[in-house]
Structure formats: structure tokens, C-alpha cells
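Fold and geometry: a report
So the chains spell out like this:
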2 protein chains.
Amino acid sequence: MQPRKRITKVESIPLPAVRRLSLYLRQLESFADQNRKMVSSRQLGEVLGLSDAQVRKDLAYFGQFGHSGIGYRVAELIQRVRSILGTDRMSSVLLVGAGNLGRALVAFRGFQKRGFELVAVVDKDPQKVGQVADGPNRLKIHPASDMPALVRRYTIRVGILAVPASAAQQVAEEMVAAGIRAVLNFAPVALKVPPNVSVASVDLAIHLEQLSFELISANQAEG
Amino acid sequence: MQPRKRITKVESIPLPAVRRLSLYLRQLESFADQNRKMVSSRQLGEVLGLSDAQVRKDLAYFGQFGHSGIGYRVAELIQRVRSILGTDRMSSVLLVGAGNLGRALVAFRGFQKRGFELVAVVDKDPQKVGQVADGPNRLKIHPASDMPALVRRYTIRVGILAVPASAAQQVAEEMVAAGIRAVLNFAPVALKVPPNVSVASVDLAIHLEQLSFELISANQAEG
DNA sequence: CTATGTGAACAGCTTCACAGCG
DNA sequence: CGCTGTGAAGCTGTTCACATAG
């Protein structure tokens, strides 16, 4: 009964294309900061290490944003891409876990500029609850049991999971139960979540291992 | 003159396969902790959300590690994968930048277990130099100018770049000049490095944007 | 003449399905 | 039998090359 393809004109956008959209946005914003008005697919691709065809095709999946013979208007394209990614409006974000990493994330100023606002911090440890986690706006640390109320009050859909690996799966389930629909996971475990919840994982050890492998390959290549 | 293919049996390993190798290793270690002795490709794939065929093919790119009718011996496979990734021996790692993120990384205990040892920290800020950055082993913060000497002394090839975006490109070049061959980059910029240097980037905003996009797609899908 | 948008060709990755081995 | 390892098939993503628009 399940139709194989969407009826709407989605036409299967490659997942890598969506990832690159974020890269384009970042570079476009950098161009805008330098007062650059126009950019061609070739120029945009060059700084990011991609082919011009790749850039054009990626953007074309989402609409016709370019101008023949001219290229893309930087400001216009920024608006379009932000709207596609849903970062043209601010999203509220909840941070779970106020350890070393958690506090570094609170202090991180990069979220705000890109459409995400950290509105609440929770931690299980009663010693930490009530403390102030500093950052762009000072945030009090709430007990984990407040999660459902916080999610409702601020209509939060995105949560950052920064707790030890041993607690991650259980905390993730609590987050989902509280209404979180997307989780940025820093714990080195494969989270099991319902299919209507998205997870993105950041795993430092894995990145280091990839680099290690590349080093070995490079060494072997040169003999 | 350059032969198109390696003479050895490399036969072009898919990049995604290498990335998954790290996932396999993590899961295998978790199995080992639970005293699990054997595992089949189906079981390993299941917990990671991959097909059994995928797991078998990935592992087969690197050799014949399985046993017909039985599966894979956990301990044996861990050794093999570590050796492939080059994490069967400890690698020395240099951290550049002792801000909030840098200090969180120093405190992070996950590196040690996976074959990476943070052996030195440097920072440009004279105020920070000389301070002790705590962590598994207490490390003094060195001035940036010490980088070449530190890299030589500890034979460091891997560096972690945790400085503000505005300084990242220049600092990356200093790292490369000092002898670093692989960079784990936390600054939200596309680093330009020589072809013999590897870069892996961790960009929180990009992950959040991906999640945001998935949320939008999910909403549209259900109407 | 320049640079986009896009079908068509190509390459790369994943899944299938089964021979072969313990 | 059960499970691996692997050609072959199938699918997804990228590159090519050109018609089209300003």
C-alpha cells in the first residue's frame, strides 16, 4: 500500500546535496561580509573544493536561483538557502548535560548567528542544578525532571545531548518523551530512537580514526 | 608515468566503508565489554542500522576476517580493525587553542582509550601560557612559537585546531609548517592546506542545520 | 560571450543472491 | 545448516556537455 515514490515533486534529493547546502550558506555569508554581490557556481565551488557542475546541480534541486550569464546574487541566495534549511527563523534549543563539554557549548557563540538559540540547560546532578551556566545569555541549570515543562514552554524541538555514554540512551528516550524531535548527540553510542526523531552524531574519536587511516594510506602511497 | 591503479590489491575502497569501520570498532568494543565472543554480520549491522551484506562487504575490503558458518571473533576483529585504522599504537596529538572548547577537549577522556594521547597544548594568548590545562595528565600551556619544537620532540602528526574562525587559516598553516600532517578542525571555515595534509572538520552549526532540514521535511511529509 | 539548468553518460556504492566452507 | 565472501545487478550520486537565456 505504501507508494514507492512521493507524489509531490520531491524527485529524490541526494542527501550529500543537503549537507553541502550548509557549506554553501557558510561561504555565501562570508562573501556577503566582504560585500560581494554576485557569485558564480565556479567561484563558489572553487573555495569549497567542489566542481561548478556540482554546485549548480545541488542548488537546482531546490529551485532556480541563478541568473543566466551572471551567476547568483549572494544576498538572494542566502535568503533562499536559509529558508530551505529552516534557519530563517530562530529555533529554540535545549542542552542536556552541563559537564565540561556542555559548558563549552553554552559559551559557544556560533549558534545564535545561524538561527539556533540555546534557551535552557538541564542536568541530572543536584549539585549542578541552580548554578548559572554562563554564555551569551546567562542560563540557570534546571533539574532533568523539568524537561517536559521546558520543552512545552519554549516549544523546543531540537536538543543537544552532552552526557556520558553510559547514560546517553536513557536520556535520549527522556528527551523524546518530552517532545524533542531532533537530537544532536555527542555521546559515542548509536542511539536508538523512533523513526519520527532525527539524530546527528558528533564523534571526535571517529574523526581522529579517519585521519589516522588517511595518514597510513598516504605513507603507503609514497612508499 | 603514474600508474592509474595501485599494483597491490587495494582495488579502490569506498570512502564510506572506511567511515563505517570506526563504527564497527566502537560496537565491537562494546560487545567485548559485555564478554561477547562471536558476532555475525547480521548482528553487528542490526545495532548500527546497516544491512548484513554491507557489513560483510566493508570488512572484506580489508581482508578475510570471518569464519564460515560461525561469524567473526570479536577480539580478533577488534585487533584487525585497530591495525587497519592505525590505532593499535598510540598517536601523539597536539591541541592548539585553550579556550572553552579547547579546555573541554583536554578534560575529555575518550581519546586515550581509542589510541590518541594529548601530549601538548599551545595558545597564542600570553595570559594563558604557563597555566595548567587539567585533564587525564596535567598539561602546561605552551606559547604558539613552541609548536615546531613540540612537534619534533613528541613526533606529533595529528593536531586539533580549536581557535576562533578568524585565526583558523593562519594557525593551520603554522601547524603544517611545524610538521603536522592531519588536522581536526573545529573552526567553521574551509581550510586550505597542501595535498599531503588531511583535514577533518567538526561543525556544530552544520549538524544543527541538517537536523532543522530533516524536521521540515518530516513535517511536510505528514502534511 | 558568459554562466545557468539539465538530460545523458558515467562512476561509485549498495544490495542481491549464491557458491563455498566449516 | 549457518554464515562468510563475492561477482553481478541495481541504484544513487557526480560529471559531462550542451541548449538556453540574458
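Read on for a plain summary of the structure. Quantities reported herein were computed from a predicted structural model and do not represent experimental measurements.

Topic: the environment of Val193 of chain A
Residue and element names in this part refer to chain A. Along the chain, Val193 turns up in the loop between β8 (182-185) and β9 (198-201). Along the primary structure Val193 and Ile141 are separated by 52 residues, whereas in three dimensions their C-alpha atoms are 25 Å apart. The residues contacting Val193, other than those within four sequence positions of it, are Val176 and Val199.

Observations concerning the protein's contact with DNA strand C
Of all residues adjacent to DNA strand C, which total 22 residues, the nearest are Ser41, Arg56, Gly66 and Tyr72 of chain A together with Arg20 of chain B. Within the backbone of Phe65 of chain A, a nitrogen or oxygen atom sits 3.3 Å from a phosphate oxygen of DNA strand C. For the surface near DNA strand C, the secondary structure elements donating two or more residues are α3 (52-60) of chain A together with α1 (15-33) and α3 (52-60) of chain B. Ranked by residues supplied to the surface near DNA strand C, first place goes to α3 of chain B with four residues. When the residues that make up the surface near DNA strand C are grouped by side-chain class, the tally is eight nonpolar, nine polar and five charged.

Re unusual backbone geometry
Residue Asn35 of chain A is not a glycine yet carries a positive backbone phi of 65°. If you trace the backbone, Asn35 of chain A turns up in the loop between α1 (15-33) and β1 (38-39). Positioned with a positive phi, Thr155 of chain B is a non-glycine residue whose angle comes to about 45°.

Observations concerning the sheet that holds β8 of chain A
Strand order in the open sheet formed by seven strands is β5-β6-β4-β3-β7-β8-β9 (chain A), with mixed pairing between adjacent strands. Both edges of this open sheet fall to β5 (132-133) and β9 of chain A, since each of them pairs with a single strand only. Pairing of strand β7 (residues 158-161) of chain A with β8 of chain A involves four bridges; the strand directions are parallel. By the bridge assignment, Val158 of chain A is partnered in β8 of chain A with Ala182 of chain A. With respect to the sheet, helix α9 (residues 204-222) of chain B is in contact with β4 (116-123), β7, β8 and β9 of chain A, its orientation differing from that of β8 of chain A by roughly 160°.

A closer look at the protein's contact with DNA strand D
Surrounding DNA strand D, one finds 23 residues, the nearest of these being Arg20 of chain A together with Ser41, Arg56, Gly66 and Tyr72 of chain B. By atom count, sugar and phosphate contribute 59% of the portion of DNA strand D lying within 4 Å of the protein. In this structure, a base oxygen belonging to DNA strand D sits 3.3 Å away from a side-chain N or O atom of Lys57 of chain B. Mapped onto the surface near DNA strand D, the elements with two or more residues apiece are α1 and α3 of chain A together with α3 of chain B. Residues of the surface near DNA strand D, tallied by class, amount to seven nonpolar, eleven polar and five charged.

Description of the sheet that holds strand β5 (residues 132-133) of chain B
Within a sheet, adjacent strands bond to each other through the backbone by hydrogen bonds, running parallel or antiparallel. Residue and element names in this part refer to chain B. Read across the sheet, seven strands follow the order β5-β6-β4-β3-β7-β8-β9 without closing on themselves; strand pairing throughout is mixed. Since the sheet does not close on itself, it has two edges, and those belong to β5 and β9 (198-201), each with one partner. Where strand β3 (residues 91-96) lies against strand β4 (residues 116-123), six bridges are found, and the strand directions are parallel. Looking at β4, one finds that Leu94 is bridged to Ala120. Sheet contacts for helix α8 (residues 165-178): β3, β7 (158-161) and β8 (182-185); angle to β7, the most-contacted strand, approximately 165°.

Reading the values: the criteria
- Residues numbered from 1 in each chain as written.
- Chains lettered and ligands numbered in written order.
- Predicted model: local features only at pLDDT ≥ 70, side-chain atom pairs only at ≥ 80, totals over all residues.
- Heavy atoms only, no water.
- Helix = DSSP H or I, 4+ residues; strand = E, 2+ residues; numbered from the N terminus.
- Contact = heavy atoms within 4.5 Å.
- Near = heavy atom within 4 Å.
- Polar contact = N/O pair within 3.5 Å; in protein donor to acceptor, adjacent residues only side chain to side chain.
- Nonpolar A, V, L, I, M, F, W, Y, C, P; charged D, E, K, R; others polar.
- Pairing = 2+ DSSP bridges.
- Axes fitted to C-alpha atoms, helices over the stretch in contact; angles between N-to-C directions.

From the geometry alone we can't say anything about function, so treat these as descriptive.
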